[in-house]
Amino acid sequence: LAHLSTFLNVFTGFLGPVAAFVIWLVYKDDSPTVAGHALKSVFYQVAWLSVIFIGWTITFALMAVLVGFLLVPVMAVVTLAPFVQASYEAYLAYRGDGRRYL
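Residues numbered from 1 in each chain as written. Predicted model: local features only at pLDDT ≥ 70, side-chain atom pairs only at ≥ 80, totals over all residues. Heavy atoms only, no water.

1. Examining the confidence of the model for the chain
Per-residue pLDDT for the chain has a mean of 86; in total, 95% of the residues score no lower than 70. Across the chain, element-level confidence peaks in helix 3 (residues 32-62) with a mean pLDDT of 90 and bottoms out in helix 1 (residues 8-12) with 84. (pLDDT = per-residue confidence, 0-100. Helix = DSSP H or I, 4+ residues; strand = E, 2+ residues; numbered from the N terminus.)

2. Structural notes on the side chain of Ser5
Residue placement: Ser5 occurs in the segment before helix 1. A polar atom in the side chain of Ser5 sits 2.5 Å from the backbone oxygen of Ala2. Residues within four places of Ser5 in sequence aside, it is in contact with Gly16, Ala19, Ala20, Ser41 and Gln45. (Polar contact = N/O pair within 3.5 Å; in protein donor to acceptor, adjacent residues only side chain to side chain. Contact = heavy atoms within 4.5 Å.)

3. Some words on the environment of Thr79
Tracing the sequence through the fold places Thr79 in helix 4 (residues 68-95). With 27 residues separating them along the chain, Thr79 and Ile52 place their C-alpha atoms 6.2 Å apart. Look past the residues within four positions of Thr79 in its chain and what remains in contact with it is Ile52 and Trp56. From its side chain, Thr79 meets the backbone oxygen of Met75 in a polar contact 2.7 Å long.

Here it is in C-alpha cells:
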C-alpha cells in the first residue's frame, strides 16, 4: 500500500508521501520489511514530486519564448513515470521481492 499511495498524488497533489509515512510510523516496530518499503516510498515520492514541480515550472517559464511547448510531451512522460514505477514496486513487494528504486 505504501507504494500505491503514489496514486493519492493524482487527487491531492501531495498526500502520497504522507500516507506512506503514516504506514512507516505504524509498522516501523512491527515489520521491518513493510517499514522499509514505506520509507523507500516516502523518499521516492518526495524526490519525484520535486522533479515534477521543478520541471513544470521551467516548462511554463520557457513557454514565454515558445521553447516550453516542446517540453510539454517530455514533462507528460516524466509526470506519468512515477506511477508506472510505483505500480511495479508494489507488484514486487507483493511477490516478496525487495529491490531498490532505479
